[in-house]
Amino acid sequence: MSTATRVRPAALILTPSAEQRIADLMARAPEGSVGVKLSTPRRGCSGLAYSVDYVTQADPFDEKIVTPGGDFYVDGGSILYLIGSVMDWVEDDFTAGFVFQNPNAKGACGCGESFTV
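Report follows, based on the coordinates.

Parameters at a glance
Residues numbered from 1 in each chain as written. Predicted model: local features only at pLDDT ≥ 70, side-chain atom pairs only at ≥ 80, totals over all residues. Heavy atoms only, no water. Core = buried A, V, L, I, M, F, W, Y, C linked by side-chain atoms within 4.5 Å. Buried < 20%, exposed > 50% of the residue type's maximum accessible area, 1.4 Å probe, protein only. Helix = DSSP H or I, 4+ residues; strand = E, 2+ residues; numbered from the N terminus. Salt bridge = Lys/Arg side-chain N within 4 Å of Asp/Glu carboxyl O. Pairing = 2+ DSSP bridges. Expected span 1.5 Å × (residues − 1). Arc of directions from axis to C-beta. Axes fitted to C-alpha atoms, helices over the stretch in contact; angles between N-to-C directions. Contact = heavy atoms within 4.5 Å.

By size, the foremost hydrophobic cluster in this structure holds 18 residues, and its most contacted members are Leu12, Leu14, Leu38, Phe72, Val74, Met87 and Phe98. Taken together, the elements giving at least two residues each to this core come down to β1 (12–14), α1 (16–27), β2 (35–39), β7 (70–74), α2 (79–82), β8 (85–91) and β9 (96–101). Of all the elements, α1 adds the most residues to this core, at 4 residues.

This is the structure:
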């Protein structure tokens, strides 16, 4: 008898626009960078914020998402706040940035800088 395993779905869904932005970031990443990492540090008036940074070393507790343009990591300590979220890259005439649709967020501050779960 053999055991079948299923592919585990990604904890975070990246839109094609977000994947392209990750590819753009990795194309000009500092030397030694192995990917881009999303974390949710405690910051802002609501408690948690989204932070995207280059990483030079993979952490074994991080969730790794392979994208066409490079590896994307989700901080292991943040994953529970982000499960089921969609990450998009949005640009308009005045702003550009990652935008999150997070079903776990129960509220956000007025300026949109931070969220609560």
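Right, let's get into the pattern of salt bridges. Tallied over the entire structure, the rule returns 3 salt bridges. Note that Asp62 is salt-bridged to Lys37, the shortest N-O span being 2.9 Å. Of this pair, Asp62 sits in the loop between β5 (51–55) and β6 (63–67) while Lys37 sits in strand β2; the two residues are 25 residues apart in sequence, bridging distant segments of the chain. Of the two residues, Asp62 and Lys37, neither departs from the other in class, the shared state being buried. Put simply, Asp71 and Lys64 hold a salt bridge, and the shortest N to O gap is 3.4 Å. By sharing partners, the salt bridges in this structure join Lys37, Asp62 and Asp75 into a single network.

Moving on, we come to the pairing of β2. Regular strands place side chains that alternate from one sheet face to the opposite one. Of all the 5 residues making up β2, 5 are buried; the element is thus mostly covered by neighbouring parts of the structure. Here β2 shows no split at all, with Gly35, Lys37 and Ser39 on one side and Val36 and Leu38 on the other all buried. Alignment of β2 against β5, held across 5 bridges, turns out to be antiparallel. Opposite Gly35, over in β5, you have Val55 as the bridge partner. Of the strand pairs in this sheet, β2 and β7 are connected by 3 bridges, and their pairing is parallel. Across the sheet, residue Lys37 finds its bridge partner in β7, namely Tyr73.

Now for α1. With 12 residues, α1 extends 16 Å from end C-alpha to end C-alpha; this agrees with the ideal 16 Å at 1.5 Å per step. Among all positions of α1, only Ala18, Arg21, Ile22, Leu25 and Met26 are buried. All buried residues of α1 lie within an arc of 135° about the axis, which places them on one face of the element. Those residues of α1 that are exposed and aimed more than 90 degrees away from the buried face are Pro16 and Ala27.

In this section: the sheet that holds β6. On the basis of which strands lie adjacent, the open sheet formed by 4 strands has the order β5-β2-β7-β6 and mixed pairing. Whereas interior strands pair on both sides, the edge strands pair on one side only; in this sheet they are β5 and β6. Each strand axis lies, on average, 25° off the axis of its neighbour in the sheet, ignoring direction. Together, β2, β5, β6 and β7 form the strand contacts of α1, whose direction differs from that of β2 by roughly 125°.

Function-wise, these values are silent; they only describe arrangement.
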